[in-house]
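This is what each chain is made of:
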Amino acid sequence: MQNNTFSGLFIGRNLITLKEVDSTNTFLKDALSKSTPLLDGTVIMADKQFTGRGQASNSWISEAGKNLTFSVLLNPTFLPIERQFDLNMAVSLALNDFLNKYISGSALIKWPNDSYIGNKKIGGILIENIVSGNTIKHAIIGIGININQEDFPPNLKNATSLKQALHQDYNLLRLLGEICNFIEARYLQLKAGNTDKLRDEYLRKLYLKDEWALFRFDAEIQSGKIRGITDKGQLVFETASGLRYFNNNEIEFII
Ligand code: BTN
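Given the structure is predicted, the values throughout are model-derived calculations rather than measurements.

Colleague: Explain empty space enclosed by the protein to me, please; I cannot follow it from the model alone.
Modeller: Using a probe with the size of a water molecule, rolled over the atoms, empty space left in the structure can be pinpointed. Throughout the structure, instances matching the rule amount to 1 cavity of 30 Å³ or more. Lining of the largest cavity is provided by D47, K48, Q49, W60, S62 and T69. Among the elements that take part in the lining of the largest cavity, strand β3 (residues 43–49) stands out by supplying 3 residues, more than any other. Residue composition of the lining of the largest cavity, by class: 1 nonpolar, 3 polar and 2 charged.

Here is the structure:
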């Protein structure tokens, strides 16, 4: 189904809604590999994903018809591959902007790109880049946000939703339109080269920044403090024995 009711300049103007699909990211990747012409800013949304994919080969589990599971196609050919974390910051901030509209300031970003309310995860992002030379030809930005789901399985005890937080049901398409506008605003900020501002805001919204907390690294639970992020998106982390730099999956948050 095609729908052209979204109000932004380009993100979501071409919206394809699917009843069910394996994964909206995989759908976009397959379409691109078959050279299907797709507009910059195309959004694929699905009511249900059979094999929704998350970070680090995890699956993304979401109750059908209750939550937002969608992918946005962007063509950030202006972005050198070594700056790919800047796109991650822009999209993480866009989801944070959206959530803070509803949760008034208490939504945070858990490094590198989880959306958090309190100590619970409400959304996640999976960005898959198709690179050409030194630049990003296509970025497939997969987003899952829990909206109207009331209960989560025991293995997702750390999950929450807008409904759990605010005790209300929301219209999914309307929220999708709002999120597309927030992504567009942050993406245009990135394209204009305002990365210092994006970085400052990302750091201000970072979950557990400058707080001593427990983390698992080097196969042990140890305390430490998040201090910042490198240009490439590594976590700058203070330990009792000095600063360390971690890639995603080298450190786990213990809550
Ligand atoms: C994570 O936090 O692990 C990232 C989750 C990303 C899930 C979304 S849902 C829409 C898109 N399609 C997928 O298969 N994954 C992303």
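Colleague: Looking at this structure, I do not really get the site of the ligand. What am I missing?
Modeller: Close to the ligand lie 20 residues; S23, Q49, R53, Q55 and K121 are nearest. Take T24: an N or O atom from its side chain is 3.1 Å from a nitrogen atom of the ligand. Contact distances for the ligand include 2.6 Å between a nitrogen atom and a backbone N or O atom of R53. Considered on its own, the ligand offers 410 Å² of accessible surface; in the complex 98% of this is hidden by protein. In a pocket analysis with a 2 Å cut-off to the grid points, the ligand is assigned to the largest pocket. With 4 residues, the top contributor of residues to the shell around the ligand is strand β7 (residues 120–132).

Colleague: How do you make sense of the packing of aromatic side chains when you look at a structure like this?
Modeller: Between two aromatic rings, the relevant description is the distance of the centres plus the angle of the planes. Applying the stated criterion across every chain yields a total of 12 aromatic pairs. A ring pair is formed by F85 and Y202, whose centres lie 5.7 Å apart and whose planes are at 80°; its orientation type is edge-to-face. Note that F85 is positioned in helix α2 (residues 84–103) and Y202 in helix α5 (residues 195–204), a separation of 117 residues in sequence. Take F85 and Y202: they sit in the same class, and that class is buried. Across the ring face of F253, the terminal group of K110 is positioned such that the distance to the ring centre comes to 4.6 Å.

Colleague: What's the story with the layout of surface pockets in this structure? I'm lost.
Modeller: Each pocket or cavity is described by its volume, and for the largest pocket that value is around 1,200 Å³. What lines the largest pocket is a set of 42 residues, and nearest its centre among them are N58, W60, K110, D114 and K121. The set of elements that each furnish at least two residues to the lining of the largest pocket consists of α1 (24–33), β4 (68–74), β6 (114–117), β7, β8 (135–145) and β13 (252–253). The element that contributes the greatest number of residues to the lining of the largest pocket is β7, accounting for 4 residues. Its residues placed into classes, the lining of the largest pocket shows 17 nonpolar, 19 polar and 6 charged. Approximately 490 Å³ is the volume attributed to the second largest pocket. For the lining of the second largest pocket, the secondary-structure elements that each account for two or more residues are α2 and β7. Looking at which element gives the most residues to the lining of the second largest pocket, the answer is α2, with 4 residues. A per-class count over the lining of the second largest pocket returns 8 nonpolar, 10 polar and 2 charged.

Colleague: How do you make sense of the pattern of salt bridges when you look at a structure like this?
Modeller: Pairs may arise between side chains of opposite charge once their charged atoms sit close together. According to the stated counting rule, one finds 22 salt bridges in the structure shown. Between K66 and E63 there is a salt bridge; the shortest N-O distance is 3.4 Å. K66 sits in the partly exposed class, given a relative accessible area of 28%. With a relative accessible area of 34%, E63 lands in the partly exposed category. With a shortest N-O distance of 2.8 Å, R83 and D86 are connected by a salt bridge. One connected set of salt bridges, linked through shared partners, spans R83, D86, R199 and D231.

Analysis parameters
- Residues numbered from 1 in each chain as written.
- Predicted model: local features only at pLDDT ≥ 70, side-chain atom pairs only at ≥ 80, totals over all residues.
- Heavy atoms only, no water.
- 1 Å grid on protein atoms, 1.4 Å probe; cavity = no way out; pocket = protein on both sides within 12 Å on 5 of 7 lines; lining within 4 Å.
- Points joined across faces, edges and corners; volume = space filled by probe spheres on them.
- Helix = DSSP H or I, 4+ residues; strand = E, 2+ residues; numbered from the N terminus.
- Nonpolar A, V, L, I, M, F, W, Y, C, P; charged D, E, K, R; others polar.
- Near = heavy atom within 4 Å.
- Polar contact = N/O pair within 3.5 Å; in protein donor to acceptor, adjacent residues only side chain to side chain.
- Areas by Shrake-Rupley, 256 points an atom, 1.4 Å probe, with all protein chains shown as cover.
- Sits in = over half its atoms within 2 Å of the grid points.
- Phe/Tyr/Trp six-rings, centres within 6.5 Å; stacked < 30°, edge-to-face > 60°.
- Buried < 20%, exposed > 50% of the residue type's maximum accessible area, 1.4 Å probe, protein only.
- Lys NZ or Arg CZ within 6 Å of the ring centre and 35° of its normal.
- Salt bridge = Lys/Arg side-chain N within 4 Å of Asp/Glu carboxyl O.

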